[in-house]
Amino acid sequence: MNFIKVNTYEELSARAAAIICGQVAMKPNCVLGLATGSSPVGAYKKIAEKNNTGEVDFSNVKSVNLDEYVGLNGDHEQSYRYFMNNNLFKHINIDINNTYVPNGCATDVEAECKAYDVLIEKLGGIDLQLLGIGYDGHIGFNEPDTYFEKATHKVTLDSSTIEANSRFFASRDDVPTQAITMGMGGIMSAKKVLLIANGKGKRDIVEKAFFGPITPSVPASILQLHPDLTVIYSEN
Ligand code: GLP
């Protein structure tokens, strides 16, 4: 594991953007695994800047996102499709048809989950997976459990996750209680993994996840077994 501690969110974002753009430069038709949440917003801004100055070209890149709320369609302002369109895709020259986010409004959620894993395989797997981390150690929406779930699946969100994410919704009651998330198999089979975390509040979970025992009660801890993991942490 390459654990990088930086001083500011700005630096974290710059480093993350450099790694992601480096991946695209090395393999212009790569598959990026992308994440939502507040952590990647700064990196996405910097990626857009680099794309706009012609430093990096996303025209042949494909992307697969980690997760989506069940019940929200892509037009809903809190859906992860909407987040990705507005925080990244609209600002770079990626072909929107090459960007994938699970469909939270699928009538058959199980079939949607299976199809998502087939899609990842068809794309040739993920070259670089970007991750944030939840306060309870979740990655994507893989919540603490007694085992690591391999496949893309539907989850019931922990009340602490609903609470944490309620800051983006009008009220706690508006937060969906379920989500579709890529499983640990999809995440762990990515060739490279980059996890970013910032803020004093994330310090304990970062310590547990990367310097504590590997356990499904801290889902991110499985990443310690990944052969090419970079963690960037900024306390500020
Ligand atoms: C959400 C997302 C995760 C994200 C996490 C942390 O629940 N499903 O992918 O990593 O929140 O979000 P933040 O970066 O806002 O702390």
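To be clear, the structure that these remarks concern was listed above.
Residues numbered from 1 in each chain as written. Predicted model: local features only at pLDDT ≥ 70, side-chain atom pairs only at ≥ 80, totals over all residues. Heavy atoms only, no water.

Enquirer: Which parts of the structure should I look at to understand the nonpolar core?
Expert: Across soluble globular proteins, nonpolar side chains have a tendency to be buried as a group. Core analysis: the largest hydrophobic core is formed by 58 residues, its most contacted members being Leu32, Ile47, Phe58, Leu195 and Leu223. A total of six residues in this core trace back to one element, the largest contributor, which is helix α1 (residues 9–26). Within the second largest apolar cluster, ten residues are counted, among which are Tyr69, Tyr80, Leu157 and Ala179. (Core = buried A, V, L, I, M, F, W, Y, C linked by side-chain atoms within 4.5 Å. Buried < 20%, exposed > 50% of the residue type's maximum accessible area, 1.4 Å probe, protein only. Helix = DSSP H or I, 4+ residues; strand = E, 2+ residues; numbered from the N terminus.)

Enquirer: What is the right way to read the sheet that holds strand β8 (residues 178–181) from this model?
Expert: What holds strands together in a sheet is hydrogen bonding between their backbones, with the strands either parallel or antiparallel. Reading across from one edge, β4-β8-β7 is the order of the three strands in this open sheet, with antiparallel pairing throughout. Two strands close off the open sheet at either side, each with one partner strand: β4 (67–69) and β7 (153–156). The sheet shows a mean angle of 25° between the axes of neighbouring strands, taken without regard to direction. Pairing geometry for β7 and β8, over four bridges, is antiparallel. Bridge pairing links Val155 to Ala179 in β8. (Pairing = 2+ DSSP bridges. Axes fitted to C-alpha atoms, helices over the stretch in contact; angles between N-to-C directions.)

Enquirer: What's the story with the packing of α1 against helix α2 (residues 41–52) in this structure? I'm lost.
Expert: Contact pair α1 / α2: the axes reach a minimum separation of 8 Å and the direction vectors enclose 55°. The orientation of α1 relative to α2 falls into the category oblique. Handedness of the crossing formed by α1 with α2: right-handed. Contacts from Tyr9, Glu10, Ser13, Ala14, Ala16, Ala17, Ala18, Ile20 and Cys21 of α1 reach α2 at Val41, Gly42, Ala43, Lys46, Ile47 and Lys50. (Parallel < 35°, antiparallel > 145°, perpendicular 65-115°, else oblique. Left-handed = near helix turned anticlockwise from the far one by under 90°. Contact = heavy atoms within 4.5 Å.)

Enquirer: What should I look at first to understand the pairing of strand β3 (residues 62–65) in this one?
Expert: A regular strand places its side chains on the two faces of the sheet in alternate fashion. In this structure, strand β2 (residues 31–34) lies alongside β3, joined through four bridges in parallel fashion. Its bridge partner lying in β3, Leu34 is registered against Asn65. Handedness of the crossover joining β2 and β3 through α2 is recorded here as right-handed. Where β3 meets strand β5 (residues 99–100), two bridges bridge the pair, whose relative direction is parallel. Counted as the bridge partner of Val64 is Tyr100 from β5. (Right-handed = clockwise from strand over helix to strand, strands pointing away.)

Enquirer: Help me understand the site of the ligand in this model?
Expert: Near the ligand you find 14 residues, and of these Ser38, Ser39, Asp67, Arg167 and Lys202 are the closest. One of the side-chain N or O atoms of Asp67 is found 2.8 Å from a nitrogen atom in the ligand. In the environment of the ligand, an oxygen atom lies 2.9 Å from a nitrogen or oxygen atom belonging to the side chain of Arg167. Relative to its free-state accessible area of 390 Å², the ligand is covered by the protein chains to the extent of 96%. Of the residues assigned to the shell around the ligand, the class counts are three nonpolar, eight polar and three charged. (Near = heavy atom within 4 Å. Polar contact = N/O pair within 3.5 Å; in protein donor to acceptor, adjacent residues only side chain to side chain. Areas by Shrake-Rupley, 256 points an atom, 1.4 Å probe, with all protein chains shown as cover. Nonpolar A, V, L, I, M, F, W, Y, C, P; charged D, E, K, R; others polar.)

Enquirer: Can you help me understand the packing of aromatic side chains in this one?
Expert: For any pair of aromatic rings, the description rests on two quantities: the centre-to-centre distance and the angle between the ring planes. With the rule as written, the count across this model stands at five aromatic pairs. On the basis of an interplanar angle of 50° and a centroid distance of 5.5 Å, the ring pair of Tyr69 and Phe141 is categorised as tilted. Separated by 72 residues along the polypeptide, Tyr69 in strand β4 and Phe141 in the loop between β6 (128–131) and β7 bring together distant segments of the chain. Assessed through its relative accessible area of 1%, Tyr69 is described here as buried. (Phe/Tyr/Trp six-rings, centres within 6.5 Å; stacked < 30°, edge-to-face > 60°.)

Enquirer: What exactly am I supposed to notice about the side chain of His226 here?
Expert: Mapped onto the fold, His226 is located in the loop between α7 (203–211) and β10 (229–234). You can call His226 buried: its relative accessible area is 5%. Among the polar contacts listed, one links the side chain of His226 to the backbone oxygen of Ala190, at a separation of 2.6 Å. Polar side-chain contacts of His226 include one of 2.9 Å to the backbone nitrogen of Asp228. Apart from residues lying up to four places away in sequence, His226 is in contact with Ile187, Met188, Ala190, Lys191, Lys192 and Val193.

Enquirer: I would appreciate a short explanation of the sheet that holds strand β1 (residues 2–6) in the present structure.
Expert: Strand order in the open sheet formed by seven strands is β1-β10-β9-β6-β2-β3-β5, with parallel pairing between adjacent strands. Each of the sheet's edge strands pairs with one partner strand only, and the pair in question is β1 and β5. The strands that α1 touches are β1, β2, β6, β9 (192–198) and β10; relative to β9, the one it contacts most, it runs at about 165°. Sheet strands touched by α7: β1, β9 and β10. Its angle to β10, the strand with the most contacts, is close to 160°.

Enquirer: Please clarify how the pattern of salt bridges should be interpreted in this entry.
Expert: A side chain with one charge can pair with a side chain of the opposite charge if their charged atoms come near. Here the structure, examined in full by the defined rule, presents seven salt bridges. Two residues, Arg172 and Glu163, come together in a salt bridge whose shortest N-O distance is 2.7 Å. Using a relative accessible area of 45% as the deciding quantity, one classes Glu163 as partly exposed. Through salt bridges with shared partners, one network takes in Lys27, Asp127 and Lys191. (Salt bridge = Lys/Arg side-chain N within 4 Å of Asp/Glu carboxyl O.)

What is shown is where atoms sit, not what they do.
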